[in-house]
Amino acid sequence: MKYYLETAEAVFEEVKSSEQGLTSEEAEKRLEANGKNKLAEAKKDSTFKKFLAQLKDPMIIILIVAAVISTITEFIEHGLGVPTDALIIITVVLINAILGVVQENKAEKAVEALQKMSAATTKTLRDGKIVTIKSEDLVVGDVILLDAGDAIPADCRIFECASMKIEEAALTGESVPVNKLIKALLNKGDEEVPLGDRKNMAYMGSTLVYGRGKAVVVATGMDTEMGKIANAITLAEDGKTPLEIKLEQLSKILTKLVLGVCAVIFAYNIAMYFISGDTAPIYEVALNSFITAIALAVAAIPEGLVAVMTIVLSIGVTNMSKKNAIIRKMNAVETLGCTQIICSDKTGTLTQNVMTVVDHYAEDEKLLATAMALCTNADVDENGKGTGEPDEVALINYAKTLDLDKNVLVTEKPRVGEVPFDSGRKMMSTVHSYNGNFIQYTKGAPDEILKKCTKAYVGGQVVAITDEITSKIAEENTRMGNKALRVFAVAFKEYTIEPAEYSSEALENEMIFIGLTGMIDPVRPEVKDAIVECRSAGITPIMITGDHINTAKAIARELGILNDDSQAMMGSDIDKYTDEEFEKIVENIFVYARVQPEHKTRIVNAWRSKGYVTAMTGDGVNDAPSIKSADIGVGMGITGTDVTKNVADMVLTDDNFATIVSAVGEGRRIYDNIRKAIQFLLGSNLSEVVSIFFATIMSFTILKAPHLLFINLVTDSIPALALGLEKPEANIMKRKPRSKNDGIFSGGLGFDCAYQGILVSILTIVAFYIGEFLETGHLVFHHIQDSSEGMTMAFFTMAMCEIFHSFNMRSQRASSVGMIFKGHHNPVLYIAMVASFLLTTAVVEVPFLSNLFGFAHLDLTAYLISLGLAFLIIPIVEIVKFFQRKLGKAE
């Protein structure tokens, strides 16, 4: 049943209840049958399931297979014993998996908002008596009693209404409270009545701000409009962030690389076995090929990448929290950095969600403010804060700016009578005693007030209204209306004795016009600058609101979002387009008014379908599905509903749109640094693969799996973490956002990885041959017997190359040496380099560790030669960067 189209009597019949409510017995039966009045809890994966999910990555699977093969080969060669290599590999895999689970669990510690209700308790009629019960125990058919300030606990049909006004901004985005009524709405054929226009209904998640009334519950829990939104949240798909997509691509590339190289090595070894006429058993050749494959797997896979990524993102999250941006999903940091579109809810996000008088027209402003303040039902609490309907609170706040305290005014001019507001006459009147006389103030719609006035207060005196005065009042009313202001007029009338009758007919005539006030939900003062900076960063802001289109256009123009009326659209117009048709025009529309929740999701999805990385900001329940569907959802921490915060990727603790700007900058910095880390780690892995491939072709062993793991986890990962702390570049917020289609190797990163990896390989291989010569006194390039000194020098050179190379990675193109002279330092990187240097030296020179890794002792000559070879990486890369900068300028 569409309850808003039915009479109250028909609704009671449908829900099998009456104006006296339910009996306790009947309510208990319905509660048992239909469940609690609360939203369903989202299911979570178990910790074990999360752990298994961490092991699904192809690179991790290859490492596990490598560990198994290593165990088998060690058993074949040495029998039962401790498979050292396999244990090292499995330990690395487990650490990465556990770290991933820990970070995922941290993200889930956000408040479970879908478990909570807006109202903790509710007054209801049970057994004909008024009782207070937990809101979650409400059932369909319950009759609830509502007073100003009450949160609506369930979806209800109103059947008794005394000037009820309900704030529905959280559901509809409409900042002005809705006047409620009792009668059934007229059916307009098959056309659906928008939620914001169902004036005889009260919905869960809204608040009664004025008046009182009674209503019968027609839907609870997941059957409510809020419940439907919760379902939409559940159904909305979580998209993968650009970085996750790129890392998946990288994983596939590395997996194919490992399998391909292993296949080539295996085929080569078998072919050489038959060509050379080797007399060794073929299983030994296969076994040696498997051992080489293990080394290649370890060499090609950046074991520290996951840990580095997680920790760099964690550091970024901490930095952002200090700037009022709380990240709920760590990968959302870099997504925000490449955001191209920000779809923002107007109410409470771009605006303050506080109605404020911003314009007026009157000869005597204090008289205007006094009349407006006294002709309201809003009050001032003990903390000096206005309470009541937002429009009326705005009027008493306006008076306060002129040093007119409502509480003082009431003492000086106590109210003795009133004619309440009604939508028919569009005005209200109050009568006050004052110095033995009485004064009436009447406030309402300008046109209606003016009809009742015969005089006006002009130049400090009361004069008869002329056409000129009427024309001027109309002109000012139009001027404020064109600015999308909500305009009120006020008039007064004086009496020597108290009026005998308090009725519209008796009081509201022959009044004296005072003036006009214009109010609006004003923009946040910092938002203008934030939008300017967004545009300079190549980000397009889109305003989405449930408000009227004229109000939306006015706010958008003030903020610089809208340049032409053709760039604004009503939500109902979206329904006229198919998804494909809407995608064709979405790039030309920057303001949407009177939208429903499903419209917001369509807008977000249309931008995403066009290939844009899209963010959605907002605070109301109605924003939640679109926040969930966006590439990154941004919730508001102060005014935001729990439901919205629960699904957001990031929550702004200060509700400041400008905070998004700093978050974008931080996101871009983090992504830049992650790319530096990826380039550094992959270059290192490539150098290992090339070195092992070359050594295998030349029939000697240059490095073993434990050696490669040490390099990957110590001399690579520690400096890589420090690279994550690099400060942002000066032009970071002047660049256009990255395209989500940019590959992981875009911007020349692939070339840099290749030449730098090959360079390290060359230096490593040269070190091996020098070590072989120092050990044996002669040089053999092919079929070398294991050379412990050559292997040790190769290891030390490669490890030191990575340490020195991390210094190069401070910038992809800028001179790292030049950065020092410009005072741009990274102390953490310097410490990481020293720590890695000491650890590497210890592994080579400390007997216990040296024996564990199978290294030979390096004398001072060999040590310095290795160190000198490794240091060459700095000047060589600096020279290449110099020519790259020259070529870049030429282009």
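Bear in mind the structure is a predicted one, so any value in this text is a computation, not a measurement.

Participant: Whenever I open this one, the overall build of the protein confuses me. Can you help?
Facilitator: Scanning the protein from N- to C-terminus turns up 34 helices and 25 strands. Here the protein, with 891 residues, has 53% of them falling under the buried criterion. Sequence-distant contacts, at least 24 apart, represent 72% of the contacts inside the protein between residues at least 6 apart. Summing over all exposed atoms, the protein offers an accessible surface of approximately 38,400 Å²; the carbon and sulfur share of this is 58%.

Participant: How should I be thinking about the pattern of salt bridges in this particular structure?
Facilitator: Oppositely charged side chains are able to pair whenever their charged atoms sit close together. One pass over the structure, following the stated rule, counts 35 salt bridges. Between E26 and R30 there is a salt bridge, and its shortest N-O distance comes to 2.8 Å. Taken as a pair, E26 and R30 lie in helix α2 (residues 24–34) at a separation of four residues, close to a single helical turn. Among the salt bridges present, the one from D579 reaches R602, with a minimum N-O distance of 3.0 Å. In this pair, D579 sits in helix α22 (residues 579–585) while R602 sits in helix α23 (residues 597–609), placing the two residues 23 residues apart along the sequence. The exposure class assigned to D579 is partly exposed, which follows from its relative accessible area of 44%. Taken together, the shared-partner salt bridges in this structure form one network comprising D359, K472, E476, R479 and K483.

Participant: Looking at this structure, I do not really get the packing of helix α26 (residues 657–697) against helix α28 (residues 749–776). What am I missing?
Facilitator: Helix packing geometry: the angle between the two helix axes and the distance between the axes. The contact between α26 and α28 brings their axes to 7 Å, and the two run at 45 degrees. As far as their axial angle goes, α28 and α26 are oblique. Considering only the axes of α26 and α28, their crossing is right-handed. Counting all contacts with α26, which are made through R675, Q679, L682, G683, L686, S687, V690, S691 and F694, the residues of α28 involved are L749, D752, C753, A754, Q756, G757, V760, S761, T764, I765 and Y769. In terms of residue class, the contact of α26 with α28 is made up of 10 nonpolar, eight polar and two charged.

Participant: Sorry if this is basic, but what is going on with the sheet that holds strand β9 (residues 341–345) here?
Facilitator: One key point about sheets: their strands pair by backbone hydrogen bonds, in either a parallel or an antiparallel sense. Pairing in this open sheet of eight strands is mixed, and the strands run β8-β25-β24-β23-β9-β20-β22-β21 from one edge to the other. In this open sheet, the two strands that pair with only one neighbour each are β8 (325–327) and β21 (568–570). Along the sheet, successive strands turn relative to each other by an average axial angle of 20 degrees, direction set aside. By the bridge criterion, five bridges tie β9 to strand β20 (residues 540–544) in an arrangement that is parallel. Residue D345 lies in a different strand from β20, and its bridge partner there is I544.

Participant: When you look at the pairing of strand β14 (residues 427–434) in this model, what are you seeing that I'm missing?
Facilitator: Every other side chain in a regular strand lies on the same face of the sheet, so the side chains alternate between the two faces. Burial analysis of β14 places six of its eight residues in the buried class, which makes it a mostly covered element. Bridge analysis of strand β13 (residues 415–422) against β14 gives five bridges, and the strand direction is antiparallel. Bridged to G417 within β14 is V431. Between the antiparallel neighbours β13 and β14 lie four residues, among them K426 with a positive phi of about 60 degrees. Judged from the eight bridges that link them, β14 and strand β15 (residues 437–444) form a sheet pairing that is antiparallel. Paired with Y434 across the bridge in β15 is N437. In this structure, the hairpin formed by β14 and β15 is closed by a connection of two residues, where N435 is found at a positive phi of approximately 50 degrees.

Participant: What am I meant to see in the packing of helix α29 (residues 788–808) against helix α33 (residues 860–871) here?
Facilitator: At a minimum axis distance of 8 Å, the contact between α29 and α33 shows a crossing angle of 40 degrees. Comparing the axis directions of α29 and α33 gives the class oblique. Note on packing geometry: the crossing formed by α29 with α33 is right-handed. Facing α29, whose interface residues are E789, M793, F796, T797, M800, C801 and F804, α33 presents A862, Y863, I865, S866, L867, L869, A870 and F871. For the contact of α29 with α33, the residue count by class is 12 nonpolar, two polar and one charged.

Participant: Would you mind going over the packing of aromatic side chains with me for this structure?
Facilitator: Working definition: an aromatic ring pair is given by the centre-to-centre distance plus the angle between the planes. Considering all chains together, one arrives at 15 aromatic pairs under this definition. With a centroid separation of 6.3 Å and an interplanar angle of 70 degrees, the aromatic rings of F582 and Y592 are classed as edge-to-face. Of this pair, F582 sits in helix α22 while Y592 sits in strand β22 (residues 591–593), and the two are 10 residues apart along the sequence. Each member of the pair, F582 as well as Y592, is classed as buried. Ring centres of F694 and F700 lie 6.4 Å apart, and the angle between their planes is 75 degrees; this geometry places the pair in the edge-to-face category. A network of ring pairs unites the aromatic residues F694, F700, F768 and Y769 as a single cluster. Looking at K413, its charged tip hangs above the ring of Y434, at a distance of 4.4 Å from the centre. Over the face of the ring belonging to F488 we find K443, whose NZ or CZ atom lies 5.3 Å from the ring centre.

Participant: Sorry, what's going on with helix α31 (residues 827–845) here?
Facilitator: One turn of the α-helix equals 3.6 residues, which is why residues spaced by three or four share an orientation. Taking 1.5 Å of rise per residue, the 19 residues of α31 would be expected to cover 27 Å, and the 27 Å separating its terminal C-alpha atoms lies within 8% of that figure. What α31 keeps buried is the set L829, A832, M833, S836, T840, T841, V843 and V844. When α31 is viewed along its axis, its buried side chains cluster within an angular range of 160 degrees and face the same direction. Turned more than 90 degrees away from the buried face of α31 sit P827, I831 and L838, all of them exposed. Those residues of α31 that are buried are in contact with α27 (705–723), α29, α32 (847–853) and α33.

Participant: I'm lost on a nonpolar patch on the surface in this one. Help?
Facilitator: Together, F773, L774, L779 and F781 make up an exposed nonpolar region whose accessible area comes to about 380 Å². Counting through the fold element by element, L779 comes out in the loop between α28 and α29. Classification of L779 by relative accessible area gives partly exposed; the value is 41%.

Participant: Can you help me understand the nonpolar core in this one?
Facilitator: Considering soluble globular proteins, one finds that nonpolar side chains tend to be buried as a cluster. In terms of nonpolar packing, the biggest core is built from 175 residues, with C343, F513, I561, Y592, M650, F657 and I702 touching the most fellow members. With sequence-adjacent residues up to four places away left out, I561 is seen in contact with L350, I531, R535, P541, M543, A556, Q567, F590 and V591. If you look at the next biggest cluster of nonpolar residues, it comprises 31 residues, including I396, L404, F488 and I514.

Participant: Got a minute to help me understand the side chain of T696 in this structure?
Facilitator: Considering the arrangement of structural elements, one finds T696 in helix α26. At 2.7 Å, the side chain of T696 forms a polar contact with the backbone oxygen of I692. Discounting residues that sit within four places of it in the chain, T696 has contacts with I265, Y268, N269 and T292.

Participant: Explain the environment of N397 here, please?
Facilitator: Its location among the elements puts N397 in helix α14 (residues 390–401). The sequence separation of N397 and G384 amounts to 13 residues, and the corresponding C-alpha distance is 9.8 Å.

Participant: How should α26 be read in this particular structure?
Facilitator: Over its 41 residues, α26 runs 60 Å from end to end, which matches the ideal 60 Å to within 8%, given 1.5 Å per residue. With 34 of 41 residues buried, α26 is to be regarded as a mostly interior element. The positive-phi residue at the C-terminal boundary of α26 is S699, with phi of around 65 degrees.

What counts and what doesn't
Residues numbered from 1 in each chain as written. Predicted model: local features only at pLDDT ≥ 70, side-chain atom pairs only at ≥ 80, totals over all residues. Heavy atoms only, no water. Helix = DSSP H or I, 4+ residues; strand = E, 2+ residues; numbered from the N terminus. Buried < 20%, exposed > 50% of the residue type's maximum accessible area, 1.4 Å probe, protein only. Contact = heavy atoms within 4.5 Å. Areas by Shrake-Rupley, 256 points an atom, 1.4 Å probe, with all protein chains shown as cover. Salt bridge = Lys/Arg side-chain N within 4 Å of Asp/Glu carboxyl O. Axes fitted to C-alpha atoms, helices over the stretch in contact; angles between N-to-C directions. Parallel < 35°, antiparallel > 145°, perpendicular 65-115°, else oblique. Left-handed = near helix turned anticlockwise from the far one by under 90°. Nonpolar A, V, L, I, M, F, W, Y, C, P; charged D, E, K, R; others polar. Pairing = 2+ DSSP bridges. Phe/Tyr/Trp six-rings, centres within 6.5 Å; stacked < 30°, edge-to-face > 60°. Lys NZ or Arg CZ within 6 Å of the ring centre and 35° of its normal. Expected span 1.5 Å × (residues − 1). Arc of directions from axis to C-beta. Patch = residues over 30% accessible without salt bridge, like charges linked within 9 Å, V, L, I, M, F, W, Y side chains within 5 Å. Core = buried A, V, L, I, M, F, W, Y, C linked by side-chain atoms within 4.5 Å. Polar contact = N/O pair within 3.5 Å; in protein donor to acceptor, adjacent residues only side chain to side chain.

Geometry only, nothing functional implied.
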